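# Overview (structure and organization)
Now for the letters of each chain:
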Amino acid sequence: MNLTRHDALALDAADPLAPLRAQFDLPEGQIYLDGNSLGVLPRATAARVQAVVTQEWGQGLIGSWNSAGWMTLPQRIGDRIAALVGAGDGELVVADSTSVNLFKVLSAALRLQQADAPQRRVIVSERSNFPTDLYIAESLARDHGCTLRLVAGPQDLVAALGPDTAVLMLTHVNYRTGWLHDMAALTAAAHAAGALTVWDLAHSAGAVPVALKADGADFAVGCGYKYLNGGPGAPAFVWVNPRHVDRFSQPLSGWLGHAAPFSFVPGYQPAAGISRYLCGTPPVLSLAALECGVDTFHAAAPMGGMGAIRAKSLALTRLLIALVDARCAGQGLSLVSPRDDARRGSQVCLSRAEGAYAIVQALIARGVVGDFRAGDAAERLPDILRFGVTPLYTRFVDVWDAVEHLRQVLDSAEWQQPTFQQRKAVT
Ligand SMILES: *Cc1c(COP(=O)(O)O)cnc(C)c1O
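Residues numbered from 1 in each chain as written. Predicted model: local features only at pLDDT ≥ 70, side-chain atom pairs only at ≥ 80, totals over all residues. Heavy atoms only, no water.

Let us now look at the sheet that holds strand β8 (residues 196-200). Across the sheet, which stays open at both edges, the 7 strands sit in the order β4-β10-β9-β8-β7-β5-β6 with mixed pairing between neighbours. The sheet terminates laterally at β4 (92-95) and β6 (147-151), the two strands that pair on one side only. Across the sheet, the mean angle separating the axes of adjacent strands is 20° when strand polarity is ignored. Taken together, the 4 bridges between strand β9 (residues 219-222) and strand β10 (residues 236-240) define a ladder with antiparallel strand orientation. (Pairing = 2+ DSSP bridges. Helix = DSSP H or I, 4+ residues; strand = E, 2+ residues; numbered from the N terminus. Axes fitted to C-alpha atoms, helices over the stretch in contact; angles between N-to-C directions.)

In this section: the pattern of salt bridges. Throughout the structure, instances matching the rule amount to 25 salt bridges. For Glu 379, the salt bridge goes to Arg 127, with nearest N and O atoms at 2.9 Å. Of this pair, Glu 379 sits in the loop between β14 (371-373) and β15 (384-388) while Arg 127 sits in the loop between β5 (122-126) and α6 (131-144), and the two are 252 residues apart along the sequence. Judged by relative accessible area, Glu 379 falls into the partly exposed class, the value being 33%. The structure contains a network of salt bridges with shared partners spanning Arg 327, Glu 404, Arg 407 and Asp 411. (Salt bridge = Lys/Arg side-chain N within 4 Å of Asp/Glu carboxyl O. Buried < 20%, exposed > 50% of the residue type's maximum accessible area, 1.4 Å probe, protein only.)

Moving on: the side chain of Asn 229. If you trace the backbone, Asn 229 turns up in the loop between β9 and β10. Separated by 3.4 Å, the side chain of Asn 229 and the backbone nitrogen of Val 40 make a polar contact. Here the side chain of Asn 229 touches Tyr 227 through a polar contact of 3.4 Å, landing on its backbone oxygen. When neighbours within four sequence positions are excluded, Asn 229 is seen to be in contact with Phe 24, Gly 39, Val 40, Pro 42, Gly 224, Ala 289, Gly 293, Thr 296, Phe 297, Leu 392 and Tyr 393. (Polar contact = N/O pair within 3.5 Å; in protein donor to acceptor, adjacent residues only side chain to side chain. Contact = heavy atoms within 4.5 Å.)

By volume, the largest pocket amounts to about 720 Å³. At the level of secondary structure, the elements contributing two or more residues to the lining of the largest pocket comprise α6, α12 (356-365) and β14. In terms of residue count, the dominant contributor to the lining of the largest pocket is α12 (4 residues). The residue makeup of the lining of the largest pocket, split by class, is 17 nonpolar, 9 polar and 10 charged. In this structure, the second largest pocket spans a volume of roughly 350 Å³. Together, 19 residues line the second largest pocket, and Ser 128, Ala 152, Gly 153, Arg 380 and Leu 381 are the ones closest to its centre. A class-by-class count of the residues in the lining of the second largest pocket yields 9 nonpolar, 5 polar and 5 charged. (1 Å grid on protein atoms, 1.4 Å probe; cavity = no way out; pocket = protein on both sides within 12 Å on 5 of 7 lines; lining within 4 Å. Points joined across faces, edges and corners; volume = space filled by probe spheres on them. Nonpolar A, V, L, I, M, F, W, Y, C, P; charged D, E, K, R; others polar.)

Moving on: the site of the ligand. What surrounds the ligand is the set Ser 97, Thr 98, Ser 99, Phe 130, Thr 132, Asp 133, Thr 171, Asp 200, Ala 202, His 203, Tyr 225 and Lys 226. The side chain of Asp 133 places a nitrogen or oxygen atom 2.8 Å from a nitrogen atom of the ligand. Burial of the ligand by the protein chains amounts to 86% of its free accessible area of 390 Å². Every element with two or more residues in the shell around the ligand is listed here: α5 (98-116) and α6. (Near = heavy atom within 4 Å. Areas by Shrake-Rupley, 256 points an atom, 1.4 Å probe, with all protein chains shown as cover.)

Next up, the structure:
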């Protein structure tokens, strides 16, 4: 491909979403391709958090639970996220972490099956699913007398469903490969086999269109600090299809999931609807930051919303793949992400037999921030170099420059310098 840097600049000049980048405070001189791990800082966040600290907390004190609407932040921000993932108002709340929410919904799914079809005792997932999802499932399987069946890849999922399957638990966009599962088809296959579905939207919410209700999904959780730009450790979200929500009260029966928390009665009565998935007191400062992150998507609405975001995301990942093919040929890189647009999330994952970690470090030293995900030879999972594109702020020229840096790092063998071999605690 003969696409030049000048062509990339022309794509930016013609990009209808280009003005959205001004919503963010981006460090000078960095190409940030890691918004799938930690989203960037919206310009509005610092002032908003400061106002919550100095006015709502500092001056309003305890009265702010009512007057500033603190108590209903989980529902209010939940409704805004619901609009991004194809769920309705009042169906989704913000709470806790993704791991904790997964515990709640997987418990609920297993309990529903134990009531309706007790012979179903298998949770099906992918071996390359994100570890926390597998660890939570392992623990719940143990407590519920179930087993976890892990398949090697998406092509094996349907065959793994059967009369023993209780739940199909998947991350909608696989974190290691960028593979985007067909939620509608897999949900239909799971339901045809009598199983329920649990979807983790950590790499989907704000990155790809999601249609939870239209696709008939049963349960979903997702992350606030990745594509939603909510800040480090931002609270996560949880959604339950209204057809199930009142059938079971999730096991973390804290007071804020109670029907009447302020009656202070000794017995637990779950709130109606999704509010029963709340547990303890909302983290108000974190929620204020998350709301600013979610707001950055709503600015895209007049420009075509998630449809336009997806179109740009695909154009960016297509460009990245084409440039790696053309400019890094013969350097031992393999594309792990699907070439098929319909199956690719908003990231491009590459593998290389040797040096994946060091190459990522060498790129970071040049100001190109992607990340490394360790493989496991025994599991036949390769080491991954991962580049996330985030259409609200990633430019075409960023992709062009990033691949040029990658080419130089490989051509010059710069990555072999000892300083890039040292593993840090957080990769
Ligand atoms: C990032 C991510 C998580 C993170 O879980 P936390 O509880 O926020 O640490 C969970 N699952 C998937 C698939 C992820 O990508």
